[in-house]
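# Analysis of the macromolecular model
As a plain string of letters, each chain reads:
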Amino acid sequence: MKTIYSFLLFVTLCFILQVNALAQRTVVSGRVRDAVTKETLPNVSVFFKDTQIGTQTDVNGKYLLVSPNPQNEISFNYVGYRSVLKNTVPSATQELDIALVPDSRALDEVVIVGGKKVRYRNKDNPAVELIRQVIAHKDENRMKSYNTVSFRQYEKMLFSLSNVSDKFKNKRMFKNYQFLFQEQDSTLIGGKNLLPIYIQEQLADHYLSKNPEKNKTIIIGEKQVQFDSRYIDNKGMKTYFDRMYQDIDIYKNNISVISNEFLSPIADGAPAFYKFFITDTIKTQKPEIIELSFTPRNTNDMLFEGKIYVTNDSHYAVTGASFGVNKNINLNFVRALKIDLNFEPNDKGKYSLSKSNLLADFGIGKTKGIGFTGERNVTFKDYQFDTVLPDTVFQGKSTVVLADAAKKDDKFWEKNRLDTISSNQLKIYSNIDTLQNLPSFKRTMKIVTLLFAGYQNLGPYEIGPVNTFYSFNNVEGLRLRFGGRTTPELSKRYYFENYVAYGIKDEKWKFFLSGTYSLNNKSIYEFPQNYIRASFQRDTKIPGQELQFVQEDNFLLSFKRGVNDMLLYNDFYRLDYVKEFENHFSYNLGFKKWSQTPAGGLNYLNENNQLVNRLTTSEVSVQFRYAPNEKFYQGKIYRVPIADRYPVFNLRYTAGLKGVLGGEYNYHNVLGSIDKRFYLSQLGYSDVTVEGSYIAGKVPFPLLDIHRANQTYAYQLNSYNLMNFLEFVSDHYVSINIDHNFNGFFFNKVPLIKKLKLREVVSFKALYGGLRNENNPNLQSGLYQLPVYENGAQRTYALGNEPYMEGSIGVGNIFKLLRVDLVKRFNYLNHPEVSEWGIRARVKFDF
């Protein structure tokens, strides 16, 4: 939710800054036809002369080209036709239809044979044979074929507003923002008017070694627009954009773009999903270059379409590529996507990537309405191959940011940029600084922060989250809560969080207070963490309810199914020490004193049927976590791990201490888990979690593993959605949780349904465990009785000889935000108050 908050704040800022094009712009539109047949011509290249402003005609031969500056001439180029150069009226909007004349000298003899349309086949297809040669030679052409590689990389990321109307610009609320309406650019996608509002630059040296496999990145300089940190988190926004706009490696089987995995056109299995066509041969250079066009067999799948250029020799190296996605693709909010890759020959006789450009246009509507465009340009220079790199180069962190990287002056950037930058783009830095000093802008952002983040920033302290201020349950009745937390503006070393709550029905006060001290003078939410925290909490909790990324007293979770009258009043005293290392290994040392009092329909009864009012335990714990290559959506006062293909390992040991600060039991608890995302190319991805636990010692049921249940109507990924609270307890168990998203693989092939851009999801969860005799109150004395309902029916059980199992099939991406699952519980259906079927929903913002 925090990531969504930062993203929505940025989008809101985009809406605030929208503008129209300058009066100096030149706009040309029209249609291109064959002069002989009068048929329209698609994919004709159209450019303003001596500029890089260009486009291509669509399937109907139409084009639209926009320049912010006066333009005198426009050119039209198409393979097999004579090029045309036409005069244009500078600084004006005009229509210009063109008829291209076939160039007989550029065409070989064409024989037209009547009959049925030839069905596309891979067999005996020269284009497919060619792409198979490219695939077979991938290893020798990719960068990993060298023993060592070093190069310098310059990156520029730019975000611009699009589709801004005069009507919107002239609204009263934008009266103070007219200084932003001075410069605009145009783009190759759709010819839309754009205004750059955000920019970031980075200059870095990269070093790679094949054997042993090592890599090192040294960031020499970095620069970005700095928004007011009280409203927009600059680090979190940069991380989010970096995740969406990753490096494009065409030699990989899957290419990550806009947080999705696309099958590369030269992936090992590409011929099964793409159609390939040889569309041109460039004979003016040695070796000859073959233009190979490709398109998806199914235009709704997560696939590219475009062209790649391959050497016509024994190496079959990629020398260039230009591709995007089909307009029908099952991708949310993306109006258009364009990727251009340029390779240059090196001194090893191979080709190395010299430029990479990724441009994506976003919007709610497909073509109309306000949106924004993001562009990432990367330039590579100073390649050195198979040179001796000393071991000292790879010592320390894999990524190092020089101490003065963010302090480089304008002269440094003028001298060291490997690519050009326009004056319009440079003005973004000063424009945003001016904007943030306007009182009207500050007032607007305060309201936006409260609405999207749920917090009201007061500088060193912020109030929230507002969605927890009101909730209700059967025990507390109406529950009112108020609290907040300190921000780094108060201190980078000390952090405090607190709230107070009151239940109208139970007439009890609840509260929470924590204090944290950062030992490395960094935010406690920033990697690597190193802090010590002390906290006290007196509050209620439903046994067995474990929520992910939401507060337990969130208003929307107040609505629950079935009998929901069990509650615990808890007093938690905690002391924790957390230490993270650069290799993403971490450990947590903790001490907890926990006093719990049952309430509502929950009672603690000893073997003599006497009520036990309070249970107290004291625990020490140590937890180890290893998450190789983990990345975060890093924020000022939060961080969220980014799901990726790398596994995450967790191991925790807890010891109960009898006689220490009132602790009543000795026990040992070992818990381990592994989380991993598996990408299955066109079949989507699976999130898999394997978990196991063992408790040694004789303990009452409240200290056993109370399995995660869910009685709300929200689908929870890590809980059992048809299990009741406190329905199962165990002292040993293993479990597996599989959640698979097909990304529309099947729906995309069903007529009519594919237009809805729905996505299929399936899940399966199994839990196997039980109670040893020493912890079963039916077989052992000195334990609490397992809870029952008011009518005497059994409420809590131990797992039997078969595992608890449930599964679901669901439809995701409904209205681009909603996932709805039909959940089935497969066994233990004879328990009271359980359902075999249920419908659960989950909101998920995703591309």
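Calculation notes
Residues numbered from 1 in each chain as written. Predicted model: local features only at pLDDT ≥ 70, side-chain atom pairs only at ≥ 80, totals over all residues. Heavy atoms only, no water. Helix = DSSP H or I, 4+ residues; strand = E, 2+ residues; numbered from the N terminus. Buried < 20%, exposed > 50% of the residue type's maximum accessible area, 1.4 Å probe, protein only. Contact = heavy atoms within 4.5 Å. Areas by Shrake-Rupley, 256 points an atom, 1.4 Å probe, with all protein chains shown as cover. Phe/Tyr/Trp six-rings, centres within 6.5 Å; stacked < 30°, edge-to-face > 60°. Lys NZ or Arg CZ within 6 Å of the ring centre and 35° of its normal. pLDDT = per-residue confidence, 0-100. Core = buried A, V, L, I, M, F, W, Y, C linked by side-chain atoms within 4.5 Å. Arc of directions from axis to C-beta. Patch = residues over 30% accessible without salt bridge, like charges linked within 9 Å, V, L, I, M, F, W, Y side chains within 5 Å. Salt bridge = Lys/Arg side-chain N within 4 Å of Asp/Glu carboxyl O.

We now examine the overall build of the protein chain. Each helix and strand in the protein chain was counted, giving 8 helices and 45 strands. When each of the 847 residues of the protein chain is scored for burial, the buried share is 52%. When contacts within the protein chain are restricted to residue pairs at least 6 apart in sequence, long-range pairs at least 24 apart make up 64% of them. A total of about 40,200 Å² of accessible surface is found on the protein chain, and carbon and sulfur atoms cover 54% of it.

The subject of this paragraph is the packing of aromatic side chains. Counted by the stated rule, this structure contains 37 aromatic pairs. Between Tyr383 and Phe385, the ring centres sit 5.4 Å apart and the planes meet at 10°, which makes this aromatic pair stacked. The two residues Tyr383 and Phe385 agree in class, both being buried. Between Tyr470 and Phe472 the ring centres are 6.4 Å apart and the planes differ by 55°, which places this aromatic pair in the tilted class. Its relative accessible area of 38% is what places Tyr470 among the partly exposed residues. Arg481 extends its terminal NZ or CZ atom over the ring of Tyr499, reaching a point 3.9 Å from the ring centre. A cation over a ring is seen here: Lys749 above Phe745, with NZ or CZ 3.9 Å from the ring centre.

With that settled, the discussion passes to the confidence of the model for the protein chain. Averaged over all residues, the pLDDT of the protein chain equals 85, while 88% of them reach at least 70. Considering each helix and strand of the protein chain separately, the mean pLDDT is smallest for helix α1 (residues 2-16), with a value of 45, and largest for strand β35 (residues 648-656), with 98. A low-confidence stretch, residues 105-114 (pLDDT under 50), is modelled with 2 contacts involving residues beyond four sequence positions or located in other chains. Confidence drops under pLDDT 50 across residues 547-553; counting only partners more than four residues distant or on other chains, this segment forms 21 contacts.

Here we take up the nonpolar core. Counting 81 residues, the largest nonpolar core has Val257 and Phe304 as the members making the most contacts within it. Residues in contact with Val257, not counting those within four places in the same chain, are Met244, Ile248, Phe262, Phe304, Leu337, Ile339 and Leu358. Listed in part, the 40 residues of the second largest apolar core include Met566, Leu568, Ala599 and Leu703.

Since the α-helix packs 3.6 residues into each turn, any two residues three or four apart lie on the same face. Within helix α2 (residues 126-136) the residues assigned to the buried category are Ala127, Val128, Leu130, Ile131, Val134 and Ile135. Seen along its axis, α2 keeps its buried residues to an arc of 160°; they face one direction. Across from the buried face of α2, at angles greater than 90 degrees, the exposed residues are Pro126 and Ala136. Structurally, α2 contributes buried residues whose contacts are with α3 (138-141), β15 (274-282), β16 (289-296), β17 (305-311) and β18 (318-324).

Right, let's talk about a nonpolar patch on the surface for a bit. Residues Tyr626, Phe649, Ile674, Val690, Ile736, Phe764 and Phe826 make up a contiguous nonpolar surface patch of roughly 550 Å² in combined accessible area. Mapped onto the elements of the fold, Ile736 is located in strand β40 (residues 732-741).

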